2 protein chains.
Amino acid sequence: MLFFTQCFGAVLDLIHLRFQHYKAKRVFSAAGQLVCVVNPTHSLKYAPTLCAAAQTSTEQGILPPCHHHEAVHDPQLVPCVCPLFSCPWEGHLEVVVSHLRQTHHINILQGAEIVFLATDMHLPAPTDWIIMHSCLGHQFLLVLRKQEKYEGHPQFFATMMLIGTPTQADNFTYRLELNRNQRRLKWEATPRSVLECVDSVISDGDCLVLNTSLAQLFSDNGSLAIGIAITTSKVHNSKAEM
Amino acid sequence: MLFFTQCFGAVLDLIHLRFQHYKAKRVFSAAGQLVCVVNPTHSLKYAPTLCAAAQTSTEQGILPPCHHHEAVHDPQLVPCVCPLFSCPWEGHLEVVVSHLRQTHHINILQGAEIVFLATDMHLPAPTDWIIMHSCLGHQFLLVLRKQEKYEGHPQFFATMMLIGTPTQADNFTYRLELNRNQRRLKWEATPRSVLECVDSVISDGDCLVLNTSLAQLFSDNGSLAIGIAITTSKVHNSKAEM
């Protein structure tokens, strides 16, 4: 009987996933974009941990890189950049992607333009939605976080970080776009390097920020679709600002 | 001596204004857009007043129109829509613009694309920056408001409202764009009618919302430049969403 119930549950899950994927495909089919359904993960790392100093010094402009481990002996080694877990791993920047895939099971997607479909937006904060995005010969980490900066008022923060150095990150521009209910919100910026802590980017507020009511307006049945595009920023830099 | 001091102060103010205008012109000159310097006004109306019910029922989706006066006897008459003052005036929709200009000294600008340069962003909340914008045969009211939804955490809210009926408003799309420091934020939506209260649009959060740190990133020496464009929304409606 238990076996039967579990099987039935699994089938229901599959139908639900398929339905969500179908809906996202329908919305974005015109653009022929790849849709990736991203399920939420309750962050086990957040709050009283690593970047506490960065968290408290909000609204101070650019913060120094947030080092996850106090003693990194080899300057060539970087700590694990997974925003979800406090992980003792450290290694070379070139193997961060395979560590994130293998140890933290973070998916990786190919394509210049993709749609990130975050499900279950109603889940309580802190919650993260994370994928990696492979594009233009580099890998990027996309983080959507639901967090209560002000108690009782959860907000959504979305940012894209290059799995590479800050100098490499300066060569790119990423765009996040929400489009629903005759409203459109676009955020364009230079990605930060994962060597800077994602927590400090979010506590700075230097990312796409949505309050709950806007997130609801842009959501469809509890899922938020974010269109993502990455370009090289040569064009962006050569243009005069606006 | 007092006369001399006052004259000197006025000259300094003029130089400061000229300098700000010159800077804005320099930034936006490439686009050939009209720059309008908008000074802040400390709102005398805000907080325990008219739309108190709307303020408390935040995050409920679309609120009913907020009536400024409890007893409007002639349904053809509308109350004063000035977001700054509690004004006993009421009149026909066609004369709202002249009332706002003459009684509340709100400037009106012509042009399809203009730049709204809000000065003195550091002033404490509640503060409003307001102009009217004449475009495509209609007049729009642009409101930028600094407000503390959460105590000690001021945010900026920007929205555009049609001085006309909700049905007329549905024919337009407005765009607000911030562009500085290699970041770009764009908000596109259908304007609401001024017959709906601006306070409820802002308490809904159904507008461009900026926290203080983002506002600082987009500001130049305490002034925030917002590029504004209005289009008819026929194209917008015929396109599939994204």
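Residues numbered from 1 in each chain as written. Chains lettered and ligands numbered in written order. Predicted model: local features only at pLDDT ≥ 70, side-chain atom pairs only at ≥ 80, totals over all residues. Heavy atoms only, no water.

### So, the overall build of chain A
- From N to C terminus, chain A includes seven helices and 15 strands.
- Counting over 242 residues, chain A shows a buried share of 52%.
- In chain A, once contacts between residues fewer than 6 apart in sequence are set aside, the share between residues at least 24 apart is 62%.
- For chain A, the computed accessible surface area is about 11500 Å², with 57% contributed by carbon and sulfur atoms. (Helix = DSSP H or I, 4+ residues; strand = E, 2+ residues; numbered from the N terminus. Buried < 20%, exposed > 50% of the residue type's maximum accessible area, 1.4 Å probe, protein only. Contact = heavy atoms within 4.5 Å. Areas by Shrake-Rupley, 256 points an atom, 1.4 Å probe, with all protein chains shown as cover.)

### Considering the pattern of salt bridges
- All chains considered together, the criterion is met by 18 salt bridges over all chains.
- Between Asp 199 of chain A and Arg 145 of chain A there is a salt bridge, with the nearest N and O atoms lying 2.8 Å from each other. Remark: Arg 145 of chain A occurs in strand β8 (residues 138-150) and Asp 199 of chain A occurs in helix α5 (residues 198-204); sequence separation between them is 54 residues.
- Assessed through its relative accessible area of 4%, Asp 199 of chain A is described here as buried.
- The partner of Glu 177 of chain B in a salt bridge is Arg 184 of chain B, and the shortest N-O contact between them spans 3.8 Å. Just as Glu 177 of chain B is buried, Arg 184 of chain B falls in that class too.
- A network of salt bridges, in which partner residues are shared, links Arg 183 of chain A together with Arg 192, Glu 196, Asp 204 and Asp 206 of chain B. (Salt bridge = Lys/Arg side-chain N within 4 Å of Asp/Glu carboxyl O.)

### Things to note about the state of the cysteines
- With the rule as written, the count across this model stands at zero disulfides over all chains.
- Lacking any disulfide linkage, Cys 135 of chain A is separated from the closest cysteine sulfur, that of Cys 36 of chain A, by 14 Å. (Disulfide = S-S within 2.5 Å.)

### Observations regarding the environment of Glu 196 of chain A
Residue and element names in this part refer to chain A.
- As for its placement among the helices and strands, Glu 196 is situated in the loop between β12 (192-193) and α5.
- Under the relative-accessibility criterion, Glu 196 is labelled buried at 15%.
- Distance in space between the C-alpha atoms of Glu 196 and Thr 165 is 9.2 Å, their sequence separation being 31 residues.

### Thoughts on the UniProt feature "domain: Seven-in-absentia protein TRAF-like" (unreviewed entry) in chain A
- According to UniProt, the positions carrying the feature "domain: Seven-in-absentia protein TRAF-like" (unreviewed entry) are residues 134-228 of chain A.
- Here residues 134-228 of chain A runs as 19% helix and 58% strand, with 12 Å between its end C-alpha atoms. (UniProt positions renumbered as here; feature names shortened; annotations may be inferred.)

### Let's talk about the nonpolar core
- Ranked by size, the top nonpolar core spans 70 residues in total, and within it Phe 116 and Leu 144 of chain A together with Phe 116 and Leu 144 of chain B carry the most contacts.
- Excluding residues within four positions of it along the chain, Phe 116 of chain B makes contact with Cys 36, Val 38, Trp 129, Ile 130, Ile 131, Leu 142, Leu 144, Leu 224, Ala 225, Ile 226 and Ile 228 of chain B. (Core = buried A, V, L, I, M, F, W, Y, C linked by side-chain atoms within 4.5 Å.)

### Focus on the packing of aromatic side chains
- Under the definition given, this model contains seven aromatic pairs over all chains.
- Ring geometry for Trp 129 of chain A against Phe 156 of chain A: centres 6.3 Å apart, planes inclined by 45°, an arrangement best described as tilted. Taken as a pair, Trp 129 of chain A in strand β7 (residues 127-135) and Phe 156 of chain A in strand β9 (residues 153-162) lie far apart in primary sequence, 27 residues in all. Accessibility assignment for this pair places Trp 129 of chain A and Phe 156 of chain A in one class, buried.
- For the pair Trp 187 of chain A and Phe 218 of chain B, a centre-to-centre distance of 6.3 Å together with 90° between the ring planes defines the contact as edge-to-face. On the criterion of chain membership, the pair formed by Trp 187 of chain A in strand β11 (residues 183-189) and Phe 218 of chain B in helix α6 (residues 212-218) is interchain, its members lying in two chains.
- Given a relative accessible area of 0%, Trp 187 of chain A falls into the buried group. (Phe/Tyr/Trp six-rings, centres within 6.5 Å; stacked < 30°, edge-to-face > 60°.)

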